[in-house]
Number of protein chains: 4
Amino acid sequence: MKETLALIAQASSIQASKGSVATYIPELAKADPEAFGLAVTECDGTQYLSGNCEFRFTLQSISKVVTLALALEERGKDNVFSAVGNSPTADPFNSIMRLEMDAPHRPHNPLINSGAIVVVSLLPEEGREGKIEAILDMARDLMANGDIKVNDRVYRSEKNTSDRNRSLAYFLRSVGSLKGDIEDILDVYFRQCSMEVNAKDLSILGATFACDGLNPITGKQVISPQTARIVRAIMTTCGMYDGSGEFAVNVGIPAKSGVGGGIMASVPGRMGIGVVSPPLDQRGNSVAGLAALAAISEQLHCRVL
Amino acid sequence: MKETLALIAQASSIQASKGSVATYIPELAKADPEAFGLAVTECDGTQYLSGNCEFRFTLQSISKVVTLALALEERGKDNVFSAVGNSPTADPFNSIMRLEMDAPHRPHNPLINSGAIVVVSLLPEEGREGKIEAILDMARDLMANGDIKVNDRVYRSEKNTSDRNRSLAYFLRSVGSLKGDIEDILDVYFRQCSMEVNAKDLSILGATFACDGLNPITGKQVISPQTARIVRAIMTTCGMYDGSGEFAVNVGIPAKSGVGGGIMASVPGRMGIGVVSPPLDQRGNSVAGLAALAAISEQLHCRVL
Amino acid sequence: MKETLALIAQASSIQASKGSVATYIPELAKADPEAFGLAVTECDGTQYLSGNCEFRFTLQSISKVVTLALALEERGKDNVFSAVGNSPTADPFNSIMRLEMDAPHRPHNPLINSGAIVVVSLLPEEGREGKIEAILDMARDLMANGDIKVNDRVYRSEKNTSDRNRSLAYFLRSVGSLKGDIEDILDVYFRQCSMEVNAKDLSILGATFACDGLNPITGKQVISPQTARIVRAIMTTCGMYDGSGEFAVNVGIPAKSGVGGGIMASVPGRMGIGVVSPPLDQRGNSVAGLAALAAISEQLHCRVL
Amino acid sequence: MKETLALIAQASSIQASKGSVATYIPELAKADPEAFGLAVTECDGTQYLSGNCEFRFTLQSISKVVTLALALEERGKDNVFSAVGNSPTADPFNSIMRLEMDAPHRPHNPLINSGAIVVVSLLPEEGREGKIEAILDMARDLMANGDIKVNDRVYRSEKNTSDRNRSLAYFLRSVGSLKGDIEDILDVYFRQCSMEVNAKDLSILGATFACDGLNPITGKQVISPQTARIVRAIMTTCGMYDGSGEFAVNVGIPAKSGVGGGIMASVPGRMGIGVVSPPLDQRGNSVAGLAALAAISEQLHCRVL
């Protein structure tokens, strides 16, 4: 196992040169394109680390599943899915036109930006500090790492390049699909995207979802089995931006990517996988991360579809 | 197992009264709304039948996966997925606007109507008779039933109510995404939709996909393991029309439905499930079929997501 | 006046080299790119001819106003505008997506292809022969030319390259916005597009609309003043494809263009203008024709907006 | 003339009961639904007033032509029309989806909200105070009324119900179609919409555009003839929201409406018309105002199309 992963890490990290580090947020553009980390956490707590598993990066869109899990726990499945849909869509993650075209004018799913912004607004905590603290607590519990915190420079960089997300939020409120103070909601959203982790943290996140909500490192039931299953299902159909369909065909494992270069995958009942490599393909998915997961799916027989 | 399925059949068949039999094709409107059949075929060949497993209905959209499997075998994955995408979409199955809006102007996936029409056009056989014979042969092999044939009245009824599909086909050819004689292609498409089966046939279809292409009744390797996996992945993200996301959340099994009232599901490595009940919900999925699959997923621990 | 027009003809005909002859219908691609004709018919019957006013070309989209006038006369304004809208649109002339996106699913106006096809279907005459004869009669009356007929080669060429129009027609019927035999309707449509005229004919067409329906050459009241005004209004907002807004700004006269290279303009109460030069700009409007009309608008003070 | 107008005023003011006062901005909802004023200013300076021409209302979208005229004068036609298009569109005035769908991602014309916001951003004056002062000066010059100012309560009400406009502005900036400080630009936009006038002011505004930029009351050439013509052309194709096509057919005069209940019309070379009655139809046009303009067009032979 250990050697297999080491070989996979070696072979896939080379692929990074085919991608480009995200540039639309200035701070992300500074990421080391050569960094590569791969970690596996099995449901019995065994861990395998390969490459640079100390390399820190921000969760970006992977944070959407943390907040989704929190909202499902706190508000219940019905409330969440009456505010956002659960349908995959062929549109890019920051698309706005569907919100106008389709009635009801609500986001198609919680993993596109508009949906993730609505999910933040559903959290029952008061104010921006209350909400982000609850998200950080959930992230720390899911990843068995009490030190997880927001990278302040990335957060401020996000906030300064947020025209599109601001447009989405104001549109949602104009059609009655979002309630609350938009600056508060966006502030929480930018901070959740800026939570900093390493590949090992990601693998534990995947493992907790894989083990029906039981964190295999701490032994704590962090979320209900139902919440874990919902998150895995949504990741399967919507987790890889508009590359979700292709990922289902080629890899066949529930997963979520972020433009920080991380991908978290969750093999139900078996393991969580965390991989990071900043260079992205055109859809915003880590090139080397995709390669590593395809190899793991095949060589470790992890495909679930 | 037998009793569990019988109880599930009983409980879910009652749900049929909440749906309505498809009316947009006159011949479908004649289907018996009370008919209900449920069959399971395991990968070792064991079968469980419940309700009316002799009730015959037409495959409709379920036929799309038969032809997709055939095209993948005959033309290869790369050729197929350069002609149609593999992305789920939030649009209805007969939507045309995406074909104009999005470049390249090709169907988003092979399970919406436009995509299925393109898949038919990819078959290498000459003429309409050649193509439909190849599809029938594939269907017979996949379902271990040499008697499967086209229901002529349904086929003619489809052909007489085909304005939308004709519009899709002409549009596709006008943008260069479809080649060939449109009347030939549509004729094959209407005939494949009109292939008549029963719940047991469907369960074997699901089992053959579940067993990586090996038909557990005949022992024949009908399609390659890769083709079986691709079909399962596409069914997971796109199989239940615009209810695919919700089905992934609630049931979590690769499946494909048809407006004839059938649903075929495929639990990798374990079993195929065939269920039929003509009344449909607003998205075109069998109401009682959905209920049966949700119960099976939970009670038989079949969820894969 | 005569000299002014001659100078305008000379200066604008040079512009033709900036455009390209239409190629999407093979027969149109054969048009002489150097041909240029300019004719003016005043409301008192005076005519001025410049360039090659014997050069024959097909009306193409200009025929849409002939059939619109006929439908308005035969079916009345209310019937026509309950079947098609009267709103300009920013979409290209052959666009289909609006028909799906917007309810009611009817064409936005009678001068885009989908709308023109619906207008043909509204004609009360029986069968394709009846309808095209009525259109030819109307065309002959409006243009004071009993010899106008269909160019058979162009008609057959249109019919062989008609995938998009066929797609539009089938879509319209699938949503209930078009009734009747589609092959009949399209056949009439292709024939009306293929009616052959010269620049002088066009100028009389424009003059009859300008003179509130009274043909200044024959003295016959061909259509009612109301029909003439409606046609002029629709031409103003929708007559130049998606270049209608720019034409209103730059020229400011009701006009209709066709991909055969003709443009007909109508200065209310004063004159009709016919100009032809086959090379088109990207929107499908004759480049030299646009230049001639801009010059006429300014130098003859013809602007009405 | 005077009696004709009085009769028209009487007959059309009754129509107001078929409409509803705008409610989406709270302050507008307080408008007197019975108020009706009708004014005509001819190009020789003669004025006819009917009904309540002292009734004050806010310009709302009519202000868009004031700022457009200013931007054309200060920045030139080419600069303005490279930042916004000049094409009519079938979309509602606050639509966003076209901005994402169509490349280049710029507003289709300066009279929809997104376009008007861009036009504000083009003004060369520094800061919000500089811009609004320039707009007020232009408004005062065009309407021969040095007392025109912003209604502060309406302005603040607009600013508090501005989610959609804010969404449009952030979207435009995110795609590079808007530059500058968004809060500044929107503040100017809300203030220009809140400029308060009466029917007489409106009629002078229309007359100045009708007289090629020469204000017939003050004798001052406020804007160039070219700017006046461009504004009239844009009003013809886009002035009445998505009712522009129907207005061209039924009335046939360049005009611009606002949700404050005003409509300004401009008969080239002859007169300007101002009419106000707050109840609106579903498209946002004054019901009684439309009736008055239709009657004037017919009875005073003002139709230009």
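All chains use their own residue numbering, which begins from 1 and follows the written sequence. Key to labels: chains lettered from A, ligands numbered from 1, both in the order written. Where totals are concerned, whole chains, interfaces and linings use all residues; where local detail is concerned, this predicted model gives features only for residues with pLDDT of at least 70, and gives and counts side-chain atom pairs only at 80 or more. To get the side-chain values, take all heavy atoms of the structure and skip hydrogens and water.

If you check an unreviewed UniProt entry, chain A appears there as Glutaminase from Dethiosulfovibrio salsuginis. Annotation of chain A in UniProt includes, under Sequence similarities (unreviewed entry), the sentence "Belongs to the glutaminase family." UniProt positions are given in the numbering used here, feature names are shortened, and annotations may be inferred rather than shown by experiment. Taken from UniProt, the Subunit (unreviewed entry) comment for chain A reads in full: "Homotetramer."

Residues and elements named next belong to chain A. Remark: helix α2 (residues 63-75) packs on helix α9 (residues 182-193), axes separated minimally by 9 Å, with the N-to-C direction vectors making an angle of 120°. Viewed along their axes, α2 and α9 adopt a mutual orientation that is oblique. As α2 runs across α9, the sense of the crossing is right-handed. Only Y189, Q192 and C193 of α9 make contact with α2, whose side of the interface consists of S63, K64 and T67. All amino acids are sorted into three groups, where Ala, Val, Leu, Ile, Met, Phe, Trp, Tyr, Cys and Pro are nonpolar, Asp, Glu, Lys and Arg are charged, and the leftover types, Gly among them, are polar. Partitioned by chemical class, the residues of the contact of α2 with α9 number two nonpolar, three polar and one charged. Think of each axis as a best-fit line through the C-alpha atoms, taken over the contacting stretch in the case of a helix, with angles from 0 to 180 degrees between the N-to-C directions. Secondary structure elements are defined from DSSP: runs of H or I of at least 4 residues count as helices, runs of E of at least 2 residues count as strands, and each element is numbered from the N terminus. Note on angle classes: values under 35 degrees are labelled roughly parallel, values over 145 roughly antiparallel, values of 65 to 115 roughly perpendicular, and the remainder oblique. For any pair of crossing helices, the crossing counts as left-handed if the nearer helix is rotated counterclockwise from the farther one by less than a right angle, and right-handed if it is rotated clockwise. Whether two residues are in contact is decided by their heavy atoms: any pair within 4.5 Å suffices.

Below, the discussion takes up the side chain of N198 of chain D. Residues and elements named next belong to chain D. As for its placement among the helices and strands, N198 is situated in the loop between β4 (196-197) and α10 (199-210). The class of N198 is buried, set by a relative accessible area of 7%. Whenever a nitrogen or oxygen atom comes within 3.5 Å of another N or O atom, the pair is scored as a polar contact, on the condition that within protein one atom can donate a hydrogen and the other can accept it, and that pairs from neighbouring residues in sequence are kept only if both atoms are in side chains. A polar contact is formed between the side chain of N198 and the backbone oxygen of C53, at a distance of 3.2 Å. Of the polar contacts made by the side chain of N198, one reaches the backbone nitrogen of D201; its length is 2.9 Å. Exposure categories follow from relative accessible area, calculated using a 1.4 Å probe and restricted to protein chains: below 20% of the type maximum is buried, above 50% is exposed, and the middle band is partly exposed.

This part takes up the domain arrangement of chain A. All names here are of chain A. Residue ranges assigned to the domains are those given by an automatic or database domain assignment. Here the domain parsing of chain A yields domain 1 (2-58 + 197-299) and domain 2 (61-193). Taken together, the contacts link 37 residues of domain 1 with 34 residues of domain 2. Accessible area that two parts lose when put together, with a 1.4 Å probe and added across both, is what the buried area reports. Buried surface at the junction of domain 1 and domain 2, both sides included, amounts to about 3,000 Å², of which 71% is carbon and sulfur. Salt bridges are identified by distance alone: a Lys or Arg side-chain nitrogen within 4 Å of an Asp or Glu carboxyl oxygen. Where domain 1 touches domain 2, the interface holds two salt bridges. Ionic pairing is found between E27 and R153, a salt bridge with its closest N-O pair at 2.5 Å. Counting across the interface, domain 1 meets domain 2 through ten residue pairs in polar contact (both at pLDDT 80 or more). At the level of secondary structure, the elements contributing two or more residues to the side of domain 1 that touches domain 2 comprise α10 (199-210), α11 (225-238), β5 (255-257) and β6 (262-267). With eight residues, α11 is the single largest residue contributor to the side of domain 1 that touches domain 2.

Let's shift gears to the interface of chain D and chain C. Across the contact, 28 residues belong to chain D and 28 residues belong to chain C. Three residues stand out in chain D for area buried against chain C, namely A90, V249 and L305 of chain D, and they jointly supply 23% of the buried area on that side. Applying the counting criterion to the chain D and chain C interface returns two salt bridges. Residues R98 of chain D and D91 of chain C are paired through a salt bridge, measuring 2.4 Å at the closest nitrogen-oxygen approach. The interface formed by chain D and chain C holds seven residue pairs in polar contact (both at pLDDT 80 or more) in total. Counting only elements with at least two residues in the side of chain D that touches chain C, the list comes to α4 (97-101), α11 (225-238) and α12 (244-250) of chain D.

Here we come to the state of the cysteines. When the sulfur atoms of two cysteines come within 2.5 Å, that pair is taken as a disulfide. All chains considered together, the criterion is met by four disulfides over all chains. In this model, C43 of chain C is linked to C211 of chain C through a disulfide, with the two sulfur atoms separated by 2.2 Å. Here C43 of chain C and C211 of chain C share a disulfide; its torsion about the S-S bond, -105°, makes the bridge left-handed. Of the two residues, C43 of chain C is situated in the loop between β1 (37-42) and β2 (47-51) and C211 of chain C in the loop between α10 (199-210) and α11 (225-238); the sequence distance between them amounts to 168 residues. For C211 of chain C, a relative accessible area of 13% corresponds to the buried category. You can see C193 of chain B has no disulfide; the closest cysteine sulfur is in C238 of chain B, sitting 17 Å from it. According to the relative accessible area criterion, C193 of chain B is buried, its value standing at 4%. You can see C238 of chain B has no disulfide; the closest cysteine sulfur is in C238 of chain A, sitting 11 Å from it.

Our focus in this paragraph is the pattern of salt bridges. Applying the stated rule across the entire model yields 76 salt bridges over all chains. Linking R166 of chain B and E183 of chain B is a salt bridge whose minimum nitrogen-to-oxygen distance equals 2.8 Å. Taken together, the residues span a long stretch of sequence, with R166 of chain B in helix α8 (residues 163-174) and E183 of chain B in helix α9 (residues 182-193) at a distance of 17 residues. Residues R140 of chain D and D137 of chain D are paired through a salt bridge, measuring 3.5 Å at the closest nitrogen-oxygen approach. Taken together, the residues R140 of chain D and D137 of chain D, both in helix α6 (residues 127-143) and three residues apart, mark about one turn of the helix. Here the residues in one salt-bridge network are D91, R98 and D102 of chain A together with D91, R98 and D102 of chain B, joined through shared partners.

Let's shift gears to the nonpolar core. Counting residues in each nonpolar core, the largest one holds 395 residues, and the members touching the most others are F209 of chain A, F209 of chain B, F209 of chain C together with F209 of chain D. Ignoring any residue separated from it by four or fewer positions in sequence, one finds F209 of chain C in contact with V65, A69, L142, I223, A228, V231, R232, M264 and S266 of chain C. To form a nonpolar core, buried Ala, Val, Leu, Ile, Met, Phe, Trp, Tyr and Cys residues must be joined to one another through side-chain atoms within 4.5 Å.

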